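Spelled out from the first residue to the last, the chains are:
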Amino acid sequence: RMGITAIDYPLENAVPHKYKIRFDFLAKKQPVLLAPANRNSIYEKACKFREVLLVEDLNELSQKTPIERDLLSVGIKSIIVAPLFNKNEQVIGLLEIGSAQPYELNSFVEMKLKEIKDLFSIAVERSREEIDNRIESIIREQFTSVHPSVEWKFIETSYNLLEKREKDSERATIDPIVFKDVYPLYGQADIVSSSAKRNAAIQADLIDNLEAAREVITTAIHLIRFPLLNQTLMKVNLALDELRREFNSNDESRIVEFLEFEVHPLLRQLSEKYHNLVEPISNYMGRLNPELGIIYQKRKAYEDSVAIVNNTIANYLEQREKEMQKVIPHYFEKYKTDGVEYDMYLGQSLLNKDQFNLMHLKNFRLAQLIDMCKIARKVEQLQDQLPVPLTTAQLIFVYSTPLSIRFRMDEKQFDVDGAYNVRYEILKKRIDKAVIEDTGERLTTPGKVAIVYLQEKDRQEYLGFFEYLQYEGLITKEVEDVMLGRLQGVQGLRALRITVKL
């Protein structure tokens with residue numbers, strides 16, 4: 001019988017049998033051949049001494065590890081184990097030949113095996129590389145993917161680095177990845193009053209938790225004499241009074257800590273000693289979330305609702321982005337928070353083949369506006385499915401000056417490049433807090449789309465878009481043109497606001 005397995009030796013930094021190439025005799029019996037319990041086995045010796053190892057009769061071994069005992073149990077009496085090496089002379093696998101008869105394998109067979117084992121080394125190394133490539137593909141897809149629209153630039157830059165390394169490996173540095181003169185499009189669909197609703201859900205759960213704790217402590221006071229219970233009840237009542245008056249950001253950690261380190265240890269101790277308290281304390285403990293150790297109902301309902309809204313918006317944007325990539329390749333990146341925000345960049349420098357012109361920019365702006373209206377409708381249609389009703393406010397930032405974006409190697413993401421272009425990022429981060437001048441009303445509001453603009457030509461362009469959206473029945477005829485209140489370091493901004501027909 002023959003067996004083969006991929007292995008990493010020494011085991012430092014190795015994931016046990018990560019290559020899933022296991023066709024050895026003990027694949028079904030031993031999860032890890034080189035586990036600490038199998039120290040000094042014939043497999044470990046073959047790896048350690050980097051030599052082919054022959055055992056003519058396993059029964060005659062004086063010191064048997066679990067490996068040798070398992071080999072005998074599967075009918076192997078005679079065995080040859082050969083380590084397999086890669087090009088760097090690292091142990092990457094083991095090849096074994098076994099026989100049910102003692103002494104059937106001998107030094108002559110060992111010599112023949114040495115002649116062909118390099119072929120198995122090549123095969124194992126190739127299989128490992130294939131699996132490594134598949135793993136790399138998954139990592140790129142799931143965790144650090146390069147957007148398909150700019151992948152050509154990363155490939156080109158990587159080839160340039162290879163050429164540099166061939167000429168001068170010590171001084172070779174990678175070229176910066178910069179796309180100049182690209183037009184940004186920014187949008188967000190933000191869940192309205194998300195912080196207030198989250199805090200209200202946390203507050204409700206904490207009040208519920210403290211009331212439940214008070215009830216079980218009061219029951220215990222009536223059944224047993226334990227003065228510490230009275231002091232704990234006083235603390236619970238004080239915490240409830242404070243929590244009902246107002247909820248601060250540090251209240252959650254303070255109350256959770258009080259429950260975890262004072263209330264719950266006391267209740268567990270009492271339930272172990274007093275049989276008449278087992279049932280009420282068990283009922284209380286049964287209401288707690290097993291992972292968090294607190295009541296987690298209102299907040300879970302809120303977070304489930306946020307997840308449904310976020311996923312609905314994100315899935316819609318991903319589908320639309322695929323469709324728009326067919327129009328012209330562009331860079332797209334989205335972020336989920338309490339809602340979804342996204343950046344798009346269009347421009348000739350992003351293109352490997354196609355030609356960009358300003359008609360593409362106008363087309364993408366109209367498509368973005370339509371998408372925002374449809375997102376408002378989709379969120380409205382979700383209301384019956386949400387444990388906690390949530391609405392979104394849509395915001396678009398129109399910026400007509402082309403800018404440059406650079407891939408930041410340390411952060412593994414694109415960012416605007418240059419001091420002048422930073423103004424765009426500053427504006428983008430501050431406009432979602434904007435209010436309308438004189439009224440103090442928040443610009444972003446449920447069921448509406450706000451478009452912040454800087455230039456009159458952009459205003460005229462969007463007024464033309466509104467006529468089309470009214471014709472299509474997406475928005476009402478009401479169009480607001482407002483001046484925004486002063487923001488930190490920003491003043492004189494204007495915005496258009498439209499109401500979506502939900």
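The model shown is predicted, which means the values in this text are computed figures rather than measured ones.

The full count for this structure, using the stated rule, is 30 salt bridges. The salt bridge involving D168 is made with R171; its shortest N-O contact spans 3.9 Å. By relative accessible area, D168 is classed as partly exposed at 33%. Sharing partners across several salt bridges, the network here consists of D343, E425, K428 and K429.

It is worth spelling out helix α6 (residues 227-245) at this point. Its 19 residues place the ends of α6 28 Å apart at the C-alpha level, agreeing with the 27 Å of an ideal helix rising 1.5 Å per residue. The set of residues buried in α6 consists of L229, T232, L233, V236, A239, L240 and L243. End-on view of α6: buried residues confined to an arc of 125°, all on one side of the axis. In α6, the exposed positions that point more than 90 degrees away from the buried face belong to P227 and R245. Summarising the contacts, the buried residues of α6 are in contact with α5 (194-223) and α7 (251-273).

Core analysis: the biggest nonpolar cluster contains 48 residues, and L369, V449, I451, Y462, L469 and I498 have the highest contact counts within it. When residues of this core are traced back to their parent elements, those giving at least two are β6 (178-191), α9 (298-327), β8 (339-346), α10 (358-381), β9 (392-398), β12 (448-453), α12 (456-471) and β14 (494-500). With eleven residues, the top contributor of residues to this core is α10. The next biggest cluster of nonpolar side chains, apart from the first, holds 32 residues, and it includes Y186, L395, A450 and L493.

Taking burial as the measure, the 14 residues of β6 include eleven buried ones, the bulk of the element. As paired strands, β6 and strand β10 (residues 403-408) are joined by three bridges and run antiparallel to one another. Along β10, the bridge assignment pairs V178 with R406. Note that β6 and β8 share eight bridges and pair antiparallel.

Of note in the backbone geometry, D181 takes a positive phi value of approximately 55° without being a glycine. Structurally, the position occupied by D181 is in strand β6. A relative accessible area of 51% places D181 in the exposed class. The backbone of S193 sits at a positive phi, close to 55°, despite the residue not being glycine. By the secondary structure assignment, S193 is in the loop between β6 and α5.

Its place among the elements puts K235 in helix α6. If we ignore the near neighbours within four places in the chain, the residues touching K235 are F258 and E262. Of note is the side chain of K235, whose polar atom sits 2.9 Å from the side chain of E262.

For the coordinates displayed, the defined rule picks out eight aromatic pairs. For the pair F397 and Y424, a centre-to-centre distance of 5.7 Å together with 10° between the ring planes defines the contact as stacked. Within this pair, whereas F397 is found in strand β9, its partner Y424 is found in helix α11 (residues 422-430), the two being separated by 27 residues in sequence. Look at F397 and you get buried, because its relative accessible area is 2%. One aromatic cluster is present, formed by F397, Y399 and Y424 through successive ring pairs.

This paragraph deals with the sheet that holds strand β1 (residues 2-9). Judged by pairing direction, the sheet is antiparallel, and its five strands sit side by side in the order β2-β1-β5-β4-β3 without closing on themselves. Only two strands of the sheet have a single partner each, and these edge strands are β2 (22-23) and β3 (53-55). Where β1 and β2 come together, two bridges link them in antiparallel fashion. Bridging from a neighbouring strand, I4 pairs with F23 of β2. Sheet strands in contact with helix α1 (residues 42-49) are β1, β3, β4 (78-85) and β5 (91-99), and its direction is about 40° off that of β4.

Here is what the cut-offs are and how they apply
- Residue numbers run consecutively from 1 along every chain, following the written order of its sequence.
- Restriction of local features to residues with pLDDT of at least 70 applies here, the model being predicted, together with a cutoff of 80 or more for giving and counting side-chain atom pairs; totals for whole chains, interfaces and linings are based on all residues.
- Water and hydrogen atoms play no part in the side-chain values, which are based on all heavy atoms of the structure.
- Think of a salt bridge as a Lys or Arg side-chain nitrogen and an Asp or Glu carboxyl oxygen that are within 4 Å of each other.
- The buried label applies to any residue whose accessible area, calculated with a 1.4 Å probe on protein chains only, is under 20% of its type's maximum; exposed applies above 50%, and partly exposed to all values in between.
- For the purposes of this entry, the term helix denotes a DSSP run of H or I that reaches at least four residues, the term strand denotes a run of E that reaches at least two, and both are numbered from the N terminus.
- Working rule for helices: expected span equals 1.5 Å times residues minus one.
- Regarding the arc, it is the one traced by the directions from the helix axis to the C-beta atoms.
- Note on definitions: a residue-residue contact is assigned when non-hydrogen atoms from the two residues lie within 4.5 Å.
- Nonpolar cores are built from buried Ala, Val, Leu, Ile, Met, Phe, Trp, Tyr and Cys residues. Side-chain atoms within 4.5 Å join them into one set.
- Here, strands pair whenever DSSP counts at least two bridges between them.
- Polar contact is the term for a pair of N or O atoms within 3.5 Å; when the atoms are in protein, one must be able to donate a hydrogen and the other to accept it, and sequence-neighboring residues count only if both atoms are side-chain atoms.
- Here a pair means two rings of Phe, Tyr or Trp (six-membered ring of Trp) with centres within 6.5 Å. Their orientation is stacked below 30 degrees between planes, edge-to-face above 60, and tilted elsewhere.
- The angle between two axes is taken between their N-to-C directions and runs from 0 to 180 degrees, where each axis is a line fitted to C-alpha atoms and a helix contributes only its stretch in contact.

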